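One-letter residues, chain by chain:
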Amino acid sequence: LKWKDVDVEDVGRYSKTNDEVEERLISFITIRNSKTGDQREVPSNSGALFKRWAEYQRRYLKEHYPRLSATRDTLIFGNPKNDLQVHTYCQYTAAWKVIMTGVGSKLEGNKFSDKQYTIYSFRSSFIEDHIAKGTDIYLLSRLAGHSIQMLQRHYDRSDVRKFSDEITKLPYGKKGKVRKVIDLFD
């Protein structure tokens, strides 16, 4: 992912309480090289994080690698020890192990799966969370780059207990609808 693949927009809103416009940064991430070959754009609430990371990256490079500089063609997570090129798979794996050691015991996985969390779990969680909150399945399929059927088969792990009232509710005391035809010429 390069900086040119991320657009950040301030979609802030006016706060009557504070009498000011509050900044709310969202990002649009352009996926250029996907598994399926399709390009797509994904909106995200991570605009403020991208802004902070860009500022940090520039400061870090200036202090530790003054011959390097971040541009729109720079990898967002490039390895400064290797001229901002891609980190090796081993580096990502080692970093992931450190993260999981720190937070692994606090994570509650899906009750239908015993699989360990992986970096790919973020994608699964994103999709599963949006299915659970009722995001339009067509929109979600476009964002994920999958067909609706693929999303339902692999990611729809809806907890039926959340829908138990809807499924088990009995219509006590309700009368059936009474339909009456009105003759307009009577």
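About the thresholds
Residues numbered from 1 in each chain as written. Predicted model: local features only at pLDDT ≥ 70, side-chain atom pairs only at ≥ 80, totals over all residues. Heavy atoms only, no water. 1 Å grid on protein atoms, 1.4 Å probe; cavity = no way out; pocket = protein on both sides within 12 Å on 5 of 7 lines; lining within 4 Å. Points joined across faces, edges and corners; volume = space filled by probe spheres on them. Helix = DSSP H or I, 4+ residues; strand = E, 2+ residues; numbered from the N terminus. Nonpolar A, V, L, I, M, F, W, Y, C, P; charged D, E, K, R; others polar. Contact = heavy atoms within 4.5 Å. Salt bridge = Lys/Arg side-chain N within 4 Å of Asp/Glu carboxyl O. Buried < 20%, exposed > 50% of the residue type's maximum accessible area, 1.4 Å probe, protein only. Phe/Tyr/Trp six-rings, centres within 6.5 Å; stacked < 30°, edge-to-face > 60°.

(A) Examining the layout of surface pockets more closely. Of the pockets and cavities examined, the largest pocket occupies roughly 1900 Å³. Around the largest pocket, the lining comprises 40 residues; the ones closest to its centre are L1, I29, I31, I119 and F122. Residue assignment for the lining of the largest pocket shows that the elements contributing at least two residues are β4 (25–31), β5 (40–44), α1 (47–64), α2 (89–103), α3 (121–132) and α4 (137–144). Split by residue class, the lining of the largest pocket holds 24 nonpolar, 12 polar and four charged.

(B) Representation of the environment of H87. If you trace the backbone, H87 turns up in the loop between α1 and α2. For H87 and F77, which are 10 residues apart along the polypeptide, the C-alpha to C-alpha distance reads 7.9 Å. Discounting chain neighbours no more than four positions away, the residues touching H87 are F77, G78, N79 and Y92.

(C) Representation of the pattern of salt bridges in the model. The full count for this structure, using the stated rule, is five salt bridges. In this structure, the salt-bridge partner of D5 is R32, at a minimum N-O distance of 2.3 Å. Taken together, the residues span a long stretch of sequence, with D5 in the segment before β1 (6–10) and R32 in the loop between β4 and β5 at a distance of 27 residues. The class for R32 is partly exposed, based on a relative accessible area of 36%.

(D) View of the packing of aromatic side chains. Evaluation of the coordinates by the stated rule reveals six aromatic pairs. Plain terms: the ring middles of Y60 and Y65 are 6.1 Å apart, the flat faces sit at 40 degrees to each other, and that makes the pair tilted. Residue Y60 is classed as partly exposed on the basis of its relative accessible area of 28%. What makes Y65 buried here is its relative accessible area of 19%.

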